[in-house]
Amino acid sequence: QVQLVESGGGLVQAVGSLTLSCAASGSIFSINIMRWYRQAPGKQRELVASVIGGGNTVYADSVKGRFTISRDNAKNTVYLQMNSLKPEETAVYYCNAFIRTRAGSSVLGYWGQGTQVTVSS
């Protein structure tokens, strides 16, 4: 079994910063893409940032220059450093990872339970 556990959410004032973490554990052979999504109340879940195994990153236009995604492959962990946060970025932030559980197996997508980020104005 594979688990993704997020941490680091909380309440922050506008223009403040938070760093989210997501640790993958369990039967893991390799991890391909790791992503952060967010879902605000009444809105669809949106992709915030992605990082592949080699470290290449992709960001949503709305967070470019303010958010930084990174990963520690030795710890099977992905991070999201969020700076200059805005009230409209209040949402549940979810970690997503594509994981191969053993050599030759299919790559499957896994989700964390989400962590609440609330940005006050």
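Residues numbered from 1 in each chain as written. Predicted model: local features only at pLDDT ≥ 70, side-chain atom pairs only at ≥ 80, totals over all residues. Heavy atoms only, no water.

S.K.: What is the right way to look at the overall build of the chain in this model?
M.R.: Within the chain, the secondary structure is distributed over zero helices and 11 strands. When the elements of the chain are put in sequence order from the N terminus, they spell out β-β-β-β-β-β-β-β-β-β-β. Its C-alpha atoms give the chain a radius of gyration of 14 Å, near enough to 14 Å, the size a compact globule of 121 residues would have. Out of the 121 residues belonging to the chain, those deemed buried represent 40%. Excluding contacts between residues fewer than 6 apart, the proportion of contacts in the chain whose partners are at least 24 apart in sequence is 56%. Accessible surface computed for the chain: about 6300 Å², of which carbon and sulfur atoms make up 49%. Taking the average place of the 11 positive charges on the side chains of the chain and the average place of its 6 negative ones, the gap between the two points comes to 7 Å. (Helix = DSSP H or I, 4+ residues; strand = E, 2+ residues; numbered from the N terminus. Rg over C-alpha atoms; globule rule 2.2 N^0.38 Å. Buried < 20%, exposed > 50% of the residue type's maximum accessible area, 1.4 Å probe, protein only. Contact = heavy atoms within 4.5 Å. Areas by Shrake-Rupley, 256 points an atom, 1.4 Å probe, with all protein chains shown as cover. Lys, Arg positive; Asp, Glu negative; His and termini not counted. Charge placed at Lys NZ, Arg CZ, Asp CG, Glu CD.)

S.K.: How should I be thinking about the state of the cysteines in this particular structure?
M.R.: Put plainly, two cysteines are in a disulfide when a covalent bond ties their sulfur atoms together. Scanning all chains against the criterion turns up one disulfide. The disulfide that involves Cys 22 links it to Cys 95, with 2.1 Å between the sulfurs. The S-S bond linking Cys 22 to Cys 95 shows a torsion near -80°; that makes this disulfide left-handed. Of the two residues, Cys 22 is situated in strand 3 (residues 18–26) and Cys 95 in strand 9 (residues 91–100); the sequence distance between them amounts to 73 residues. Take Cys 22 and Cys 95: they sit in the same class, and that class is buried. (Disulfide = S-S within 2.5 Å.)

S.K.: Explain the packing of aromatic side chains to me, please; I cannot follow it from the model alone.
M.R.: For any pair of aromatic rings, geometry is given as the distance between the ring centres together with the angle between the planes. Tallied over the entire structure, the rule returns two aromatic pairs. Judged by centre distance (4.9 Å) and plane angle (55°), the rings of Tyr 37 and Trp 111 are tilted. One end of the pair, Tyr 37, is in strand 4 (residues 30–39); the other, Trp 111, is in strand 10 (residues 107–111), and 74 residues separate them in sequence. A residue is classified by how much of its surface remains accessible, and Tyr 37, at 15% relative accessible area, is buried. Note on Trp 111: relative accessible area 40%, which makes it partly exposed. Seen from their ring centres, Tyr 94 and Trp 111 are 6.5 Å apart, and the 80° between their planes marks the pair as edge-to-face. (Phe/Tyr/Trp six-rings, centres within 6.5 Å; stacked < 30°, edge-to-face > 60°.)

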